[in-house]
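Residues per chain, in single letters:
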Amino acid sequence: MVGGILSMTVKQYKKEYAVLVGLATVLCILFFTLDTLEEAIASVMLITEKSGVDTRYFVAVMKVVGVAYITQFGAEILRDGGEGAIALKVELAGKVFILGLTLPIITEFLEVCVNALSAV
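Residues numbered from 1 in each chain as written. Predicted model: local features only at pLDDT ≥ 70, side-chain atom pairs only at ≥ 80, totals over all residues. Heavy atoms only, no water.

Caption draft 1: Region of the structure containing a nonpolar patch on the surface. On the surface, Phe31, Phe32, Leu34, Leu37 and Ile41 cluster together into a nonpolar patch covering about 540 Å² of accessible area. Tracing the sequence through the fold places Ile41 in helix α2 (residues 15–51). (Patch = residues over 30% accessible without salt bridge, like charges linked within 9 Å, V, L, I, M, F, W, Y side chains within 5 Å. Areas by Shrake-Rupley, 256 points an atom, 1.4 Å probe, with all protein chains shown as cover. Salt bridge = Lys/Arg side-chain N within 4 Å of Asp/Glu carboxyl O. Helix = DSSP H or I, 4+ residues; strand = E, 2+ residues; numbered from the N terminus.)

The following block contains the structure:
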């Protein structure tokens, strides 16, 4: 709340400083939530290991979620700074990167489907 109010106040005088205040606020929020995020990831990893599911799927999903959050965060900062065109390019790059992360899983899934169909 304090960061938002401070950003709005600074924006009246210097818009470029308001973006920096917003960025600093977000970094502070992320810093304070890292412990909770770490605990959540550890819990899900434990459940994944106990269930017998291959942990590389979980790791891939976590990477995709991380890329999505970072991409959205970067694009919003660019939009706040008045760089909407660059924000769109950042979002496109994030989507391409996510596609690259998921291609091995998609390929493996398709191989399983082809093997199942050829066995019939």
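Back to the text.
Caption draft 2: Focus on the packing of aromatic side chains. In total, this model carries one aromatic pair according to the counting rule given. Arranged with centres 5.6 Å apart and planes meeting at 70°, the rings of Phe31 and Phe32 form a pair that is edge-to-face. A residue is classified by how much of its surface remains accessible, and Phe32, at 65% relative accessible area, is exposed. Above the plane of the ring of Tyr57 lies Arg56, whose end atom (NZ or CZ) is 5.3 Å from the centre. (Phe/Tyr/Trp six-rings, centres within 6.5 Å; stacked < 30°, edge-to-face > 60°. Buried < 20%, exposed > 50% of the residue type's maximum accessible area, 1.4 Å probe, protein only. Lys NZ or Arg CZ within 6 Å of the ring centre and 35° of its normal.)

Caption draft 3: Structural detail: the confidence of the model for the protein chain. Confidence along the protein chain averages 86 in pLDDT terms, with 100% of residues attaining 70 or more. Per-element confidence in the protein chain ranges from a low mean pLDDT of 79 for helix α1 (residues 2–11) to a high of 92 for helix α4 (residues 84–119). (pLDDT = per-residue confidence, 0-100.)

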